[in-house]
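# Survey of secondary and tertiary structure
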Amino acid sequence: MQLLRTAIIGFVVFGAVARMATAKAVQPGAPRQLTDGAPSVDALLDQFLASLAANDEQALNRLRVTEQEYRRIIIPGTVKPGEPPREVTDTPSVFFWQMVDQKSQDVGRLIIKRFGGHAYTRKELTYTKGVRKFAWYTALGEVRLEIEDEQGKRQTLSTGSIAEVNGTYKFIGFNSNN
């Protein structure tokens, strides 16, 4: 019985030490900024539509947060303002990033396939999930664009959510209902 208890205590202590060793220290006062983001939602959406017109998948993906931004800003900052940051170790944060990244790449390809090669004009913008403030960023949820092509044909384009961090805007990921 004593051996079992020692083994369990050792496992618990080892797990706690391993979690502490793999967790990245989140510094609450550290500056948070998105690199190469747009200065406004309008500028971001203009870049998005330009990427579609050019059928440029790489340009489209550059409009999204990077892995480091997702893991160091979005994940820990997805708490109510004033609450301590969410602490997530490397393994789950990498897993969450990989899921968002893969889905965004797949959806980006589908959006380009369906909407690419046309010069669109934005007609209306809505956020179907509203605007939500978190500790380190504001999420503009589930962007829906009413767009018009060169022939005057109107369509609705779903893009995903946008993050605003200190006046800089990027897509968190692409999530489409197109």
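Before reading on, note that the structure itself is shown above.
Scoring rules and cut-offs
Residues numbered from 1 in each chain as written. Predicted model: local features only at pLDDT ≥ 70, side-chain atom pairs only at ≥ 80, totals over all residues. Heavy atoms only, no water. Helix = DSSP H or I, 4+ residues; strand = E, 2+ residues; numbered from the N terminus. Buried < 20%, exposed > 50% of the residue type's maximum accessible area, 1.4 Å probe, protein only. Contact = heavy atoms within 4.5 Å.

### A few points about the overall build of the chain
Regarding its fold elements, the chain presents 5 helices and 5 strands. Starting at the N terminus, the α and β elements of the chain follow one another as α-α-α-α-α-β-β-β-β-β. Here the chain holds 178 residues, and 38% of them are scored as buried. Counting contacts in the chain only where the partners sit at least 6 residues apart, residues at least 24 apart contribute 64% of the total.

### Brief notes about unusual backbone geometry
Across the chain, the bulk of peptide bonds are trans and the bulk of non-glycine residues have phi less than zero. Phi angles above zero are rare outside glycine, and N55 is one such case at about 55 degrees. Assessed through its relative accessible area of 43%, N55 is described here as partly exposed. Here E142, not a glycine, exhibits a phi torsion of approximately 50 degrees, which is positive. For E142, the location among the structural elements is in strand 3 (residues 138-148). Here E142 falls in the buried class, since its relative accessible area comes to 7%.

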